[in-house]
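So the chains spell out like this:
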Amino acid sequence: MPEKGRISGEFFLSGDEACAEGAIAAGCRFFAGYPITPATEIAETMSERLPEAGGTYIQMEDELGSMAAVLGASWGGVKAMTATSGPGFSLMMENIGLGIMLETPCVVVDMQRAGPSTGLPTLVGQADMMQARWGSHGSYSIIALSPSSPQEVFDLTVKAFNLSEQFRLPVLLMSEEAIGHMYEKVTVPPAEAIKLTPRRRPNVPPQEYLPYVPDDDLVPAMAVAGEGYRFHVTGLTHDERGYPANTAEAQDRLVRRLVDKIEKNRDKIIETAEDGIDGADIVVCSYGISARVSAIAIERARALGMKVGLLRLVAVWPFPTEKIRQIAANVKAFVVPEINYGQMALEVERAACGQAKTVLVPHMGGAVHNPETILDAIKRAAA
Amino acid sequence: MKTDIKAEIGGHPLDEFLRTDRLPHIWCPGCGLGTVLGATLRAIDRTGLDLDRTVIISGIGCTGRAAGYVKLDSFHVTHGRALPFATGLKLANPELKIIVFSGDGDLAAIGGNHLIHAARRNVDMTVVCVNNFIYGMTGGQLGPTTPEKGRTTTSRSGNAEKPFNLPRLVGAAGAQYVARWTTAHVWQLERAFVEAIDRKGFSFIEVISPCPTYFGRMNEMATGLEQMRYYRYNSVVKHGANLDDLDIELNKPIVIGKFIDARRVYLPAQGAARGK
């Protein structure tokens, strides 16, 4: 007997619908959002599906409120998410910062469209990648995943929830319009085949509980409201008791841990997909829809006898610096197609450390690359 | 003059509700926040709420610091976002009793949109809005409640804007319990909190509170005592007053009382269980 509201089997779903199903499969039971194309279908699907699964959908007054409500729900002990696009993502940055500071598990989906500002509603873009990394003020590290198909949207939405519980922070699913509106076959595994990471609950009595005493992996256990722990949490710099601590020392201790809990666990988070990198002269490094278009270009380049590999970033943040550096020692160049004027290409260049050149293949947004443009860049890089 | 006298803390009837290890608090002498928080905690005590399921949420500002002093599950969130945070928490666990304790700038300026929408949805929570007519934490700037001609560090020759009439604002948006008292009306305040906590739905209590350090000093009431005297002798109790008559003007009487006490459909829906 399947759990209430759960589905499994093969479906013909858009990326947006797959995202909603992935969330439900991951145990998400709260969605707060604000309509914005091309993410609206996620909200629409959740408004139907969540009540069936015993969850709550609420449409908030804006994305500031949506993100705040998601954090509140998570502290109420429910897995929670929101979904938006660039303009809403900008508004969510405020409370993504609060989520980082309070160490609140939740998932934020950005179905990217082209910006700046209102930009191109609603044609594809990938220009929020650096905003995902640095968009909220202050020093912190983040986790962001980038799916290349509706199936992967499903899989990575589940993974995003698991990572958010494991490391206690908002995890970003950085997809884009082209994937969100793409319909493909999506296989939803039966519930027992989906591994879920439970919340790390305190194992001390309430009177001994301190909200920010980390475990060995730098992540603290999390009490939720209403269970007698009587804890305090604040967006102010705080100590292990959760109390405000207005000193450089407390700041150093807290911010280092917030960054290190991700950076020192990088190996557990980083995920790439590789094709033909060994022996390649050129490696195309891309993500999301652009990685799919790149695969076409690579196929054509190989048909011309060129040795070209593909490094697809499944997790875009934390960035696989070490892997790129390793590859850089053995290749002539990286080719980086992305639907912006150079964002992740900067990271590739930084990681390559001058050992191999980096060729950006920019696109200002509104469409995906023409594979021929990427092929030309591969040829230029090889020359 | 050098002093090394340490105040002994303890033995206060509200200690059970306070994080005494965080005292003394940061509020100025003459500030009304201690009075409002005290009345809130006594009301919680009187209503017999399950303290393990009572949550205080504050935004940013002087008032926003209240959450940090209260020994309940307590959240000190971003500026203006206490209400949507509270909405998410309440919907996630309808068994929680939610009290939002924040200031006029936090709730009515940066959080103004959330205020009207939380009232419209009639989310089951009690909102204590401490109105001191000014931004205290940042040093005395003009706020959405500063009376016309009121002097602040950003309106040195007098405020040219018309302030919000908060009861009318939240009443129009749909709040089902709306009251206004001052810190000179401690019993009425406490009773209003008790009533509001007992109500299901969105209840809103505006508390007029002195800020001698900034508002008082710049508006010819330099001490908390002077401001308290003003509230004591210039407040007019008018239960059920027309919301249009609740504007606050400098040197004019302040209408206080219970203005709305209605019942209507609220969120989360009755019978909603945890996570539903």
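Position labels on residues start from 1 in each chain and follow its written sequence. Labels follow written order: the first chain is A, the first ligand is 1, and so on. Reporting in this predicted model follows two pLDDT cut-offs: at least 70 for local features of residues, and 80 or more for side-chain atom pairs to be given and counted; totals over whole chains, interfaces and linings ignore these cut-offs and use all residues.

### Quick word on the interface of chain A and chain B
Turning to step 1, where the next piece is worked out: Contacts between the two partners involve 40 residues from chain A and, on the opposite side, 32 residues from chain B.
Turning to step 2, where the next piece is worked out: Secondary structure elements are defined from DSSP: runs of H or I of at least 4 residues count as helices, runs of E of at least 2 residues count as strands, and each element is numbered from the N terminus. Looking at the side of chain A that touches chain B, the elements that each hand over two or more residues are β2 (30–33), β3 (56–59), α3 (63–75), α4 (86–102) and β10 (232–234) of chain A.
Turning to step 3, where the next piece is worked out: The element contributing the most residues to the side of chain A that touches chain B is α3 of chain A, with nine residues.
Turning to step 4, where the next piece is worked out: Where β10 of chain A lies against strand β2 (residues 73–76) of chain B, three bridges are found, and the strand directions are parallel. Directly across from H232 of chain A, in β2 of chain B, lies its bridge partner S74 of chain B. C-beta atoms are first placed from the backbone for all residues, and any pair lying within 7 Å is then listed as a contact. Paired strands, as defined in this entry, are two strands with at least two bridges between them according to DSSP.

### Some points on the domain arrangement of chain A
Residue and element names in this part refer to chain A.
Turning to step 1, where the next piece is worked out: Note that the domain bounds were set by an automatic or database domain assignment. Looking at the assigned domains, one finds that chain A contains domain 1 (9–193) and domain 2 (272–382).
Turning to step 2, where the next piece is worked out: Relative placement of domain 1 and domain 2: their C-alpha centres are 26 Å apart.
Turning to step 3, where the next piece is worked out: Taken together, the contact between domain 1 and domain 2 spans 24 residues of the former and 22 residues of the latter.
Turning to step 4, where the next piece is worked out: Elements represented by at least two residues in the side of domain 1 that touches domain 2 include exactly β6 (120–124), α5 (129–134), β7 (143–145), β8 (170–176) and α7 (177–180).
Turning to step 5, where the next piece is worked out: The leading source of residues in the side of domain 1 that touches domain 2 is α5, at four residues.
Turning to step 6, where the next piece is worked out: Residue classes in the side of domain 1 that touches domain 2 are distributed as 16 nonpolar, six polar and two charged. Note on residue categories: nonpolar means Ala, Val, Leu, Ile, Met, Phe, Trp, Tyr, Cys or Pro, charged means Asp, Glu, Lys or Arg, and polar means any other residue, Gly included.

### A closer look at the pairing of strand β8 (residues 254–261) of chain B
Turning to step 1, where the next piece is worked out: Of the strand pairs in this sheet, strand β5 (residues 177–182) of chain B and β8 of chain B are connected by four bridges, and their pairing is antiparallel. Bridged to V178 of chain B within β8 of chain B is I260 of chain B.

### Some points on helix α4 (residues 112–121) of chain B
Turning to step 1, where the next piece is worked out: Each residue is classified by how many other C-beta atoms fall within 10 Å of its C-beta atom, where C-beta atoms are placed from the backbone; a count of 20 or more means buried, 12 or fewer means exposed, and values in between mean partly exposed. The set of residues buried in α4 of chain B consists of H114, L115, H117, A118, A119 and R121 of chain B.
Turning to step 2, where the next piece is worked out: Those residues of α4 of chain B hidden inside the fold are in contact with α3 of chain A together with α2 (82–92), α3 (104–110), α5 (166–173) and β6 (202–208) of chain B.
Turning to step 3, where the next piece is worked out: Positioned one or two residues after α4 of chain B, N122 of chain B has a phi angle of 60 degrees, which is positive.

### What to know about the packing of helix α1 (residues 33–47) of chain B against helix α6 (residues 186–198) of chain B
All names here are of chain B.
Turning to step 1, where the next piece is worked out: For the pair α1 and α6, the least separation of the axes is 8 Å and the interaxial angle reads 50 degrees. Here α1 is positioned oblique relative to α6, judged by the angle of their axes. As for the relative orientation of α1 and α6, their crossing is right-handed in sense. Residues T35, A39, T40, R42, A43, R46 and T47 of α1 form the contact with α6, whose own contacting residues are V186, L189, E190, F193, V194, I197 and D198.
Turning to step 2, where the next piece is worked out: Its residues assigned to classes, the contact of α1 with α6 shows seven nonpolar, three polar and four charged. What counts as an axis is a line fitted to C-alpha atoms, over the stretch in contact for a helix, and the angles between N-to-C directions run from 0 to 180 degrees. Relative orientations are named as follows: roughly parallel for angles under 35 degrees, roughly antiparallel for angles over 145 degrees, roughly perpendicular for angles from 65 to 115 degrees, and oblique for any other angle. Two helices crossing with the near one rotated counterclockwise from the far one by less than a right angle form a left-handed crossing, whereas a clockwise rotation gives a right-handed crossing.

### Brief notes about the nonpolar core
Turning to step 1, where the next piece is worked out: In terms of nonpolar packing, the biggest core is built from 202 residues, with I143, V335 and I378 of chain A together with I57 and V100 of chain B touching the most fellow members.
Turning to step 2, where the next piece is worked out: Counting contributing residues, this core receives three or more from each of domain 1 (9–193) and domain 2 (272–382) of chain A.
Turning to step 3, where the next piece is worked out: The contacts of V100 of chain B, once residues within four sequence positions are left out, are I57, A82, L83, A86, M125, V127 and V128 of chain B. A set of buried residues qualifies as a nonpolar core if it consists of Ala, Val, Leu, Ile, Met, Phe, Trp, Tyr and Cys joined through C-beta atoms within 7 Å.

### Things to note about the sheet that holds strand β12 (residues 282–286) of chain A
All names here are of chain A.
Turning to step 1, where the next piece is worked out: The mixed open sheet is built from five strands, whose spatial order is β11-β13-β12-β15-β16. Unpaired on one side and paired on the other, β11 (272–275) and β16 (357–362) mark the two borders of the sheet. Here the average twist between neighbouring strands, direction ignored, is 20 degrees.
Turning to step 2, where the next piece is worked out: Taken together, the six bridges between strand β15 (residues 333–338) and β16 define a ladder with parallel strand orientation. Residue V335 lies in a different strand from β16, and its bridge partner there is V359.
Turning to step 3, where the next piece is worked out: Its contacts with the sheet put helix α12 (residues 344–352) on β12, β15 and β16, and the angle it makes with β15 is roughly 165 degrees.

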